[in-house]
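An overview of the molecular structure
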Amino acid sequence: MPDQEPYEPERAIAGTGMGGTMDLGASEAVTLEKAPGPDGGGPQDKPRSLWSDAWHDLRRNPVFIISALVILFLIVISIWPSLIASGSPLKCDLAKAQEGSQPGHPFGFNGQGCDVYTRTVYGARTSVAVGVLATLGVAVLGSVLGGLAGFFGGAGDSVLSRITDIFFAIPVVLGGLVLLSVITSNTVWPVIGFIVLLGWPQISRIARGSVITAKQNDYVQAARALGASNSRLLLRHIAPNAVAPVIVVATIALGTYISLEATLSFLGVGLKPPSVSWGIDISAAAPYVRNAPHALLWPSGALAVTVLAFIMLGDAVRDALDPKLR
């Protein structure tokens, strides 16, 4: 008869979780009871949601950090341009027309003798304002129309699909030349209204598809079976899980809208003098590019950096919110 294994005080009896027991060492029993996680917490820690997981990834993404810092800087100088630029962007001296860099005027002067540095700084206000306000209008209008069409379907969905097809067929620049040429207002609102008018179909398509996908999930069907109203289903269950693609597309489109405003101003149908805009300055400096290239390069460079920053931010947000890319 084999010798019986001596009893060891450090051994413990741990439950297997299925009605039986298992002989373990004391240290192993403690480990089975609560295995510490990487941060010292137990396995019972609450899992992160999609948004907290996305923020966790974004904070470690150098592309997001760099683009966010650039955009934050642009927002600050858009609100308080006098922090880094003294003087008025409308003050010009024809005696200094097309002159290069001088003390106190690092970017030189344009063809009208205006300080290029000051106008470049103040031009950020117009571009950021148009981009942000147009994106908000496009996102709200497109999300509401597309979300309702995707949720209810039927004839309304079919009509909206045909309307979006019509808007997609309109060339953006040509439409701007036609519509804005008859408006004499010298504010940013006609440009913003035009961008919203032609930009909402894209967001509408994205929101419609996202809502159709979300409403087929089991938790939505369970809430409907429990008697949840349509408004509760949309606002409580579908919208929070369908808004991520809209945020990604809107963030990338923001840079496109800034570029569109500059294009329309360059063509003379967007903002008009005495407004300060990068598109206006690029248009005014184009004929003198050989004699004063600095007057063209600085506003063009500011426009390119701004558009690139928003596109990079949108790409980083897309990578963080799309589970398929993990």
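The structure we're discussing is the one just above.
The sections below set out a description of the structure shown in this document. Source: prediction; values computed, not measured.

A word on unusual backbone geometry
Excluding glycine, most residues fall at negative phi; most peptide bonds, likewise, are trans. The omega torsion across Pro 273 and Pro 274 is 10°, close enough to zero to call that bond cis. Note on placement: Pro 274 falls in the loop between helix H10 (244-266) and helix H11 (278-285). With phi around 65°, Gln 98 is a residue other than glycine that occupies positive phi space. Structurally, Gln 98 can be placed in the loop between helix H3 (62-79) and helix H4 (116-152). Looking at Gln 98, the relative accessible area reads 26%, which means it is partly exposed.

A look at the nonpolar core
In terms of nonpolar packing, the biggest core is built from 30 residues, with Ile 258, Leu 303 and Leu 321 touching the most fellow members. Counting residues per element, the ones that place at least two in this core are helix H2 (50-58), H3, H4, H10, H11 and helix H12 (294-321). The greatest single-element share of this core, amounting to 12 residues, is contributed by H12. One finds Ala 134, Phe 194, Ala 207 and Leu 271 within the second-largest nonpolar core, a separate group that totals 27 residues.

Section: the packing of aromatic side chains
Under the criterion given, the structure shown has five aromatic pairs. Between Trp 55 and Phe 64, the aromatic rings sit 6.2 Å apart at their centres with planes inclined by 90°, giving edge-to-face as the arrangement. Using a relative accessible area of 14% as the deciding quantity, one classes Phe 64 as buried. Counting every residue linked through ring pairs, the aromatic cluster contains Phe 107, Tyr 117 and Trp 298.

Thresholds, definitions, all that
Residues numbered from 1 in each chain as written. Predicted model: local features only at pLDDT ≥ 70, side-chain atom pairs only at ≥ 80, totals over all residues. Heavy atoms only, no water. Helix = DSSP H or I, 4+ residues; strand = E, 2+ residues; numbered from the N terminus. Buried < 20%, exposed > 50% of the residue type's maximum accessible area, 1.4 Å probe, protein only. Core = buried A, V, L, I, M, F, W, Y, C linked by side-chain atoms within 4.5 Å. Phe/Tyr/Trp six-rings, centres within 6.5 Å; stacked < 30°, edge-to-face > 60°.

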